[in-house]
Amino acid sequence: MEKLDGVIFDLDGVITDTAEYHYRAWKELAKQVGITINREFNENLKGVSRMDSLERILAYGGRLGDFNDEEKSEMANWKNELYKEMITDIKPTDILPGVVSFLDELKMAGVRTAVASASKNAETILEALKIRDRFDFVVDAAEIKNSKPDPEIFLKALELLELSADVCVGLEDAAAGIDSIKGAGIRAVGIGDAKILSHADIVLEGTEQLRLKTLEALA
Ligand code: B16
Ligand code: MG
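Definitions and limits used
Residues numbered from 1 in each chain as written. Chains lettered and ligands numbered in written order. Predicted model: local features only at pLDDT ≥ 70, side-chain atom pairs only at ≥ 80, totals over all residues. Heavy atoms only, no water. Buried < 20%, exposed > 50% of the residue type's maximum accessible area, 1.4 Å probe, protein only. Helix = DSSP H or I, 4+ residues; strand = E, 2+ residues; numbered from the N terminus. Pairing = 2+ DSSP bridges. Domains from an automatic or database assignment. Contact = heavy atoms within 4.5 Å. Buried area = accessible area lost by both parts, 1.4 Å probe. Polar contact = N/O pair within 3.5 Å; in protein donor to acceptor, adjacent residues only side chain to side chain. Nonpolar A, V, L, I, M, F, W, Y, C, P; charged D, E, K, R; others polar. Near = heavy atom within 4 Å. Areas by Shrake-Rupley, 256 points an atom, 1.4 Å probe, with all protein chains shown as cover. Donors = N, O, S within 2.8 Å, 3.2 Å for Na, K, Ca; no water.

Colleague: Explain the pairing of strand S4 (residues 168-172) residue by residue, including any values.
Modeller: Burial of S4 is extensive: five of the five residues sit out of reach of the surface. Relative to S4, strand S1 (residues 6-9) runs parallel, the two being bridged by four bridges. What sits directly across from Gly6, in S4, is Cys168. As judged from the four bridges shared by S4 and strand S5 (residues 187-191), these two strands associate in the parallel manner. Bridge pairing in S5 places Glu172 opposite Gly190.

Colleague: Which residues make up the domain arrangement of the protein chain, and what values do they have?
Modeller: Split by domain assignment, the protein chain resolves into domain 1 (6-16 + 91-216) and domain 2 (19-89). Facing 14 residues of domain 1, the contacting portion of domain 2 comprises 14 residues. For the pair domain 1 and domain 2, the summed buried area comes to about 1100 Å², and 47% of that belongs to carbon and sulfur atoms. In terms of surface lost to domain 2, no three residues of domain 1 exceed Asp12, Asn121 and Ser147, which account for 35% of the buried area on that side. Here domain 1 is connected to domain 2 by five residue pairs in polar contact (both at pLDDT 80 or more). Looking at side-chain class alone, the side of domain 1 that touches domain 2 contains five nonpolar, three polar and six charged residues.

Colleague: Account for the site of ligand 1, with residues named and values stated.
Modeller: The environment of ligand 1 is formed by 17 residues, the closest being Arg50, Ser117, Ser119, Lys120 and Asn121. Within the backbone of Leu11, an N or O atom sits 3.2 Å from an oxygen atom of ligand 1. In isolation ligand 1 offers 460 Å² of accessible surface; the protein chains occlude 98% of this area. Of the residues contributing to the shell around ligand 1, the split by class is four nonpolar, six polar and seven charged. Built from parts of two domains, the shell around ligand 1 gets at least three residues from each of domain 1 (6-16 + 91-216) and domain 2 (19-89).

Colleague: Hey, could you go over the coordination of the magnesium ion (ligand 2) for me, with residue numbers and the actual values?
Modeller: Ligation of the magnesium ion (ligand 2) by protein atoms is provided by Asp10 (OD), Asp12 (O) and Asp173 (OD), these donors lying 2.0 to 2.1 Å from the ion. Sequence spacing of the donors to the magnesium ion (ligand 2): D-x1-D-x160-D. By the burial criterion, Asp10 is buried, and Asp12 matches it.

Colleague: Please give an account of the side chain of Lys79 that cites residues and values.
Modeller: Along the chain, Lys79 turns up in helix H4 (residues 69-86). What Lys79 contacts, discounting residues up to four positions off in sequence, is His22, Ala25, Trp26 and Leu29.

Structure, rendered in structure tokens:
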């Protein structure tokens, strides 16, 4: 890549570790209906929308046909209320290491930024982290019809940034998110376990390794 013009960030697991609270809240909801989930299964929920996550849990526990739409919507709301309680105290110190200095580096270089999170709580979380103003755009998850791994959310981010895929990179901690980035024709940087994120163009162990130079080298 000759020049990097845009970086598109996932939120949960890339900017802050709310992924852990999603897991705890889903585990509690699953327990209510007699289903036990573990961290390995949870990898299938990362980056996946609220309702799709619930359906995956019910399918995993063999209970998909046991609830009607209204009951499923109540369950999803219950999980979301529990999740919101868990994150009430979220603050700037919960931003993952290296993210702020990386954003500074991007700003200095004139690189535009967007957030492409499946979370309907994204704006609230970014405000609580006092980091909302640092991003040029935040895609509204409520407007997205097809959940990651569908490319829709990253294509929407490109549209907002008014940039083409070849001058951007996307950052993700979830396998579904990497597939979404790649589906949009964007280069993908995985953050986390290289085995889980095997479809990424490059995988960094953690956010503290984020550097503009590393991303620009992704040719
Ligand atoms: P909400 P991301 C995703 O965020 C989470 O990884 C996923 O676990 C969650 O179910 C989804 O957001 C929806 O979140 O219930 O808050 O609308 O990783 O795309 O930033
Ligand atoms: Mg994520």
